[in-house]
Amino acid sequence: MATRHTTAAPPVKEGGAAPGRPPAAPTEAEQRRRNRLSRRWQRDMRWSPYAFVSPFFLLFLAFGLFPLIYTGWASLHQVEMTAPTDMTWVGMRNYTRIFDDDFFWNAARNTLTIGIISTVPQLLMAMGLAHILNYKLRASTFYRVAMLAPYATSIAAASLVFVLLFGRDYGMINWALHFVGIDAVDWQNDKWPSQIAVSSIVIWRWTGYNALIYLAAMQAIPQDLYESAALDGASRWRQFLHVTLPSLRPTILFTVVVSTIGASQVFGEPLLFDANKGASGGAEHQFQTLGLYLYEQGWVNQHLGRASAIAWTMFLILIVVGIVNYVISRRLRASS
Amino acid sequence: MRARTRTARRAVVLAAVASLGAGLLAGCADDGGDDKASDGSSSGGGKGKTTITLGLFGTFGFKEAGLYAEYEKLHPDIKIAENVTERNENYYPALVNHLTTNSGLQDIQAVEVGNIAEVVATQASKLEDLSKTAGVKKDDWLDWKWAQGTTKDNQTIALGTDVGPMAICYRKDLFQQAGLPTDRAAVAKLWTGDWNKFVSVGEQYKKKAPKGTTFMDSPGGLINAILSSEKEKFYDASGEVIYKKNPAVKAAFDLTAKAATEGLVGAQTQFQPAWDTTIANTKFAAMACPPWMLGYIKGKSKPDAAGKWDVAVAPKSGNWGGSFLSVPKSGKHVKEAAALAAWLTAPAQQAKLFSVQGSFPSAPGTYTEAAVTSAKNEMTGDAPIGTIFAEAAKSSPVQVIGPKDQIIQQGLTDNGVILVTKGKSAAEAWTTATKTIDNNLDK
């Protein structure tokens, strides 16, 4: 039992009853030295932690915050890559013109459709694969590593191979389709085929990655849940629906958010898929994504101001998407 | 088991550290290599040598023609290294980026003719005036080539390498099968002076065309050839963009669209793998070809194609391609680099480059030299390519070129005439092309 502080003796002041250190008064020089040390020690205590965390913030300032602010500043100007210091103030013009820039909205639509036809099948397939891998399998480590192999492949190499596969005249996919009686599809130039082709590169690359995330989450589900479900007579499929899926809910939300962000930034695949090796995303911009349009304006056409405005608009769109995701995930969590 | 995984992990970490270290070392070696050749293994020790680096795109052929070796022999204290980007579309944005930030530049940087106007107009302050370099004489170059690399205040910031006088290369065997003449003078007569006649020859060809072949390779190749022979195409002399109201551009577009609608041109984009395949498999009978194209044809053809091509004078003379060398002021060895650039572009070297590589000289003094007049090419047999191309070079119009020529041309081709081969009407293709170009030009 602790003493109540009101009844306890007050702490002794310096020079009180207790015999303190001999009062040998320090010399003036000694006192100054002590003060200095003490001040230094205090400063050390106060500021050193900041010094220790500073590398991150310095890097963030140089490579995160500064570009962000500079891009914002540039987006209010007319500025060309041929003379980046030569800026002409145009106010919000770069933003207002986005509203009636058909190419921007075309790119936005493409980003959305490519995002959907790549993300949805990708996550469904990842779930299925994870479920299969969750069974006891021979050489399961091999399969897990194999699934991650596409993710480790460079986009450039993968896309070049896919370009060959999807070739109209000499491509392997058309050659295979020919055997089942389907006419040659122009994977490059028709709108939906080209978007499906680009999506297939994305799907190929990211399915294994997501499957492993799902697999990790599945293995954390307690075994007794399955056992009791089995005792209650639930089939494998029922177990998957009523045990696995609810337990994976946070993981699914995580992968959906990450994939959405990834899909909104799709760039390398459509860039390399273009036969002209340009950034226009096909002759009629049929698979030009926002990332590609940004690149085209900034690096091909050298309009840094316009490109910056597009970058900021994309950033704002992503924030909106993030908020929507957050709201939905809160609803889901509340309902469970 | 645990011990094994731990060793495995350690091995991975070690490997990662090692590769990082190797990368760092390599980086150091690159930097250090500027002044002293870092590899002591190269013959002669390489101590104290100055390394001059060249930033190039595509194939310039300096190295292949042995010019570096020759220069290094003449100047024992100089070492030359080149850094090549395959496509100018990737090379040029990086060059502009490097010039504006004054970093990452090579001692000598090449510039393509499609970009020279923009470089001269916007980057001149970053580039050395080469007209004062020893051995550089204005009179050595074609007037228009010299003018293209010169600013308004008379600074010559880029020296011309080659030019691309254009002729028509055709397959003698396919022409014969289609019932057309094969002699180069007779062939040229079919279309003298008019691209419309050229397209009519295509119509004749189509009537008896060997199966699976088209008259010409691609819509991009045709529109480019027609536009190359116009004096004014996308800009007028005052620097205003006129491509939309220039009747010559619309006429070129419509003629190409007509040829595409009638199936006289293949549905390919030039310089793409599928197009390369059409060269190898002889899927078309004719193409616009500057001298450097002969090297390209040779590279993509099967061995049995040698001697089956011939060269005829184009309906109208024009120029397609050609490059320049410039020296950034911020380089460490500006003087040595300027001297090298001057030497590489001097008439004697240009002539040599033509005889070995097929890059046609921009120095008209060489056109009467034996190296040029007696030049033969494996693909075109005994055709006197030297005299044909020299004639075309001299009769080419002095073309007005503008800063965004490349973007406009690309729009007309990649977002325009190519659409006609995919079943769009000429009007639809024109709308898509002009809309794309206008959006790309709008600052």
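The coordinates are above.
Source: prediction; values computed, not measured.

Procedures and definitions
- Residues numbered from 1 in each chain as written.
- Chains lettered and ligands numbered in written order.
- Predicted model: local features only at pLDDT ≥ 70, side-chain atom pairs only at ≥ 80, totals over all residues.
- Heavy atoms only, no water.
- Helix = DSSP H or I, 4+ residues; strand = E, 2+ residues; numbered from the N terminus.
- Rg over C-alpha atoms; globule rule 2.2 N^0.38 Å.
- Buried < 20%, exposed > 50% of the residue type's maximum accessible area, 1.4 Å probe, protein only.
- Contact = heavy atoms within 4.5 Å.
- Lys, Arg positive; Asp, Glu negative; His and termini not counted.
- Charge placed at Lys NZ, Arg CZ, Asp CG, Glu CD.
- Buried area = accessible area lost by both parts, 1.4 Å probe.
- Salt bridge = Lys/Arg side-chain N within 4 Å of Asp/Glu carboxyl O.
- Polar contact = N/O pair within 3.5 Å; in protein donor to acceptor, adjacent residues only side chain to side chain.
- Nonpolar A, V, L, I, M, F, W, Y, C, P; charged D, E, K, R; others polar.
- Pairing = 2+ DSSP bridges.
- Right-handed = clockwise from strand over helix to strand, strands pointing away.
- Phe/Tyr/Trp six-rings, centres within 6.5 Å; stacked < 30°, edge-to-face > 60°.
- Axes fitted to C-alpha atoms, helices over the stretch in contact; angles between N-to-C directions.
- Core = buried A, V, L, I, M, F, W, Y, C linked by side-chain atoms within 4.5 Å.
- Disulfide = S-S within 2.5 Å.
- Expected span 1.5 Å × (residues − 1).
- Bend = angle between axes of the 7 residues up to and from the residue.
- Parallel < 35°, antiparallel > 145°, perpendicular 65-115°, else oblique.
- Patch = residues over 30% accessible without salt bridge, like charges linked within 9 Å, V, L, I, M, F, W, Y side chains within 5 Å.
- Areas by Shrake-Rupley, 256 points an atom, 1.4 Å probe, with all protein chains shown as cover.

### A few points about the overall build of chain A
Phase 1 of the analysis: The secondary structure content of chain A amounts to twelve helices and two strands.
Phase 2 of the analysis: The C-alpha atoms of chain A give a radius of gyration of 31 Å, which is well past the 20 Å a tight globule of 336 residues would have.
Phase 3 of the analysis: Each principal axis of the C-alpha distribution contributes one length, and for chain A these read about 105 × 75 × 35 Å.
Phase 4 of the analysis: Considering chain A as a whole, with its 336 residues, one finds that 37% of them fall into the buried category.
Phase 5 of the analysis: Within chain A, residue pairs in contact and separated by at least 24 positions form 65% of the contacts whose partners lie at least 6 positions apart.
Phase 6 of the analysis: Each charge class in chain A was averaged separately, 28 positive and 20 negative side chains, and the resulting centres sit 18 Å apart.

### Quick look at the interface of chain B and chain A
Phase 1 of the analysis: Contacts between chain B and chain A engage 32 residues on the former and 33 residues on the latter.
Phase 2 of the analysis: Taken together, the two surfaces of chain B and chain A that pack against each other cover about 2700 Å², and 45% of this comes from carbon and sulfur.
Phase 3 of the analysis: When residues of chain B are sorted by the area they lose upon contact with chain A, N439, N440 and K443 of chain B head the list and together hold 22% of the total.
Phase 4 of the analysis: Counting every contact that joins chain B to chain A gives four salt bridges.
Phase 5 of the analysis: The partner of K424 of chain B in a salt bridge is E284 of chain A, with the nearest N and O atoms 3.0 Å apart.
Phase 6 of the analysis: For the interface between chain B and chain A, the tally reads 13 residue pairs in polar contact (both at pLDDT 80 or more).
Phase 7 of the analysis: The set of elements that each furnish at least two residues to the side of chain B that touches chain A consists of α3 (88-101), α4 (113-122), α17 (405-420) and α18 (426-441) of chain B.
Phase 8 of the analysis: Per-element accounting of the side of chain B that touches chain A gives the leading share, six residues, to α18 of chain B.
Phase 9 of the analysis: In the side of chain B that touches chain A, the residues fall into eight nonpolar, 14 polar and ten charged.

### Remarks on the pairing of strand β1 (residues 50-57) of chain B
Residues and elements named next belong to chain B.
Phase 1 of the analysis: With eight of its eight residues buried, β1 lies for the most part within the structure.
Phase 2 of the analysis: On β1, burial covers both faces: T50, I52, L54 and L56 on one face and T51, T53, G55 and F57 on the other are all buried.
Phase 3 of the analysis: Relative to strand β2 (residues 78-85), β1 is paired through eight bridges, and the arrangement is parallel. Of the residues in β2, the one forming a bridge with T50 is I78.
Phase 4 of the analysis: Regarding the hand of the β-α-β motif, the stretch spanning β1, helix α2 (residues 67-74) and β2 is right-handed.

### Section: the packing of aromatic side chains
When we look at a pair of aromatic rings, we describe it by the centre distance and by the angle of the planes.
Residue and element names in this part refer to chain A.
Phase 1 of the analysis: Applying the stated criterion to the full structure yields 43 aromatic pairs over all chains.
Phase 2 of the analysis: Aromatic side chains F56 and F57 sit 5.0 Å apart centroid to centroid with 80° between the ring planes, which places their arrangement in the edge-to-face category.
Phase 3 of the analysis: On the basis of relative accessible area, F57 is assigned to the partly exposed category, the value being 46%.
Phase 4 of the analysis: When the centroid spacing of 5.3 Å and the interplanar angle of 65° are considered together, the rings of F267 and Y295 count as edge-to-face.

### Considerations on the side chain of E296 of chain A
Phase 1 of the analysis: Mapped onto the secondary structure, E296 of chain A falls in helix α11 (residues 290-300).
Phase 2 of the analysis: It is R306 of chain A that comes nearest to the buried, bridge-free E296 of chain A among opposite-charge side chains, at 8.4 Å.

### Quick look at the sheet that holds strand β8 (residues 309-313) of chain B
Hydrogen bonds along the backbone pair up the strands of a sheet, which may run parallel or antiparallel.
Residues and elements named next belong to chain B.
Phase 1 of the analysis: Read from one edge to the other, the open sheet built from four strands follows the order β6-β7-β5-β8, with strand pairing classed as mixed. The sheet is open, and its two borders are formed by β6 (214-216) and β8, each paired with just one other strand. The mean inter-strand angle of the sheet, taken between neighbouring strand axes irrespective of direction, is 20°.
Phase 2 of the analysis: Against the sheet, helix α16 (residues 385-395) touches β5 (167-171), β7 (284-289) and β8, its axis set at about 30° to β8.

### Comments concerning the sheet that holds β2 of chain B
Residue and element names in this part refer to chain B.
Phase 1 of the analysis: Strand order in this open sheet of six strands is β2-β1-β3-β9-β4-β10, and the pairing throughout is mixed. The sheet is open, and its two borders are formed by β2 and β10 (360-361), each paired with just one other strand.
Phase 2 of the analysis: In this sheet, strand β9 (residues 319-326) lies alongside strand β4 (residues 159-165) in antiparallel orientation, the contact comprising four bridges. By the bridge assignment for β9, G160 is matched with F324.

### Here's the deal with the pattern of salt bridges
Residue and element names in this part refer to chain B.
Phase 1 of the analysis: By the definition in use, this model includes 20 salt bridges over all chains.
Phase 2 of the analysis: Of the charged contacts, one joins D254 and K250 as a salt bridge, the two residues approaching to 3.1 Å between their closest N and O atoms. Separated by four residues within a single helix, D254 and K250 lie in helix α10 (residues 247-261), roughly one turn from each other.
Phase 3 of the analysis: A residue is classified by how much of its surface remains accessible, and D254, at 33% relative accessible area, is partly exposed.
Phase 4 of the analysis: Given a relative accessible area of 29%, K250 falls into the partly exposed group.
Phase 5 of the analysis: Linked by salt bridges that have partners in common, K172, R184, D310 and D382 make up one network.

### Some points on the nonpolar core
Residue and element names in this part refer to chain B.
Phase 1 of the analysis: Formed by 80 residues in total, the largest nonpolar core has its most connected members in F215 and L412.
Phase 2 of the analysis: In terms of residues, this core owes the most to one element, α10, which gives seven residues.
Phase 3 of the analysis: Dropping the residues within four chain positions of it, F215 is found in contact with F175, W191, F198, V201, G202, Y205, L264, F284, A285 and A286.
Phase 4 of the analysis: Of all hydrophobic cores here, the second largest spans 47 residues; its members include I52, Y71, I108 and A124.

### Quick notes on the state of the cysteines
Residue and element names in this part refer to chain B.
Phase 1 of the analysis: Here the structure, examined in full by the defined rule, presents one disulfide over all chains.
Phase 2 of the analysis: There is a disulfide in this structure between C169 and C289, and the S-S distance comes to 1.7 Å. Looking down the S-S bond of the C169 and C289 bridge, the torsion is 45°, so its handedness is right-handed. With C169 in strand β5 and C289 in strand β7, the pair connects residues that are 120 residues apart, well separated along the chain.
Phase 3 of the analysis: Residue C289 is classed as buried on the basis of its relative accessible area, which comes to 0%.

### Topic: the pairing of β4 of chain B
Residues and elements named next belong to chain B.
Phase 1 of the analysis: The buried count for β4 comes to seven of seven residues, which makes it a mostly enclosed element.
Phase 2 of the analysis: Alignment of β4 against β10, held across two bridges, turns out to be antiparallel. Counterpart to D162 in the pairing with β10 is P361.

### Some points on helix α1 (residues 28-74) of chain A
Residue and element names in this part refer to chain A.
Phase 1 of the analysis: Spanning 47 residues, α1 covers only 59 Å between terminal C-alpha atoms, well under the ideal 69 Å at 1.5 Å per step.
Phase 2 of the analysis: Along α1, the largest kink reaches about 50° and is centred on S54; proline P55 follows within four residues of it.
Phase 3 of the analysis: Residues of α1 that are buried: S48, G72 and A74.
Phase 4 of the analysis: Looking at the buried side of α1, the elements it contacts are β1 (77-78), α2 (93-99) and α12 (304-335).

### Side note on the packing of α10 of chain B against α17 of chain B
Residue and element names in this part refer to chain B.
Phase 1 of the analysis: Where α10 meets α17, the closest approach of the two axes is 7 Å, and the angle between their N-to-C directions is 40°. Between α10 and α17, the angle falls in the class oblique. On α17, the residues that touch V249, F253, T256, A257, A260 and T261 of α10 are L412, G416, V417 and V420.
Phase 2 of the analysis: Its residues assigned to classes, the contact of α10 with α17 shows seven nonpolar, three polar and no charged.

### Focus: a nonpolar patch on the surface
Residues and elements named next belong to chain A.
Phase 1 of the analysis: Together, L68, I69, F315, L316, I319, I323, Y326 and V327 make up a nonpolar patch on the protein surface, roughly 720 Å² of accessible area in all.
Phase 2 of the analysis: Counting residues per element, the ones that place at least two in the nonpolar patch are α1 and α12.
Phase 3 of the analysis: Sort the elements by how many residues they give to the nonpolar patch and α12 lands first, with six residues.
Phase 4 of the analysis: When you line up the elements, Y326 lands in helix α12.

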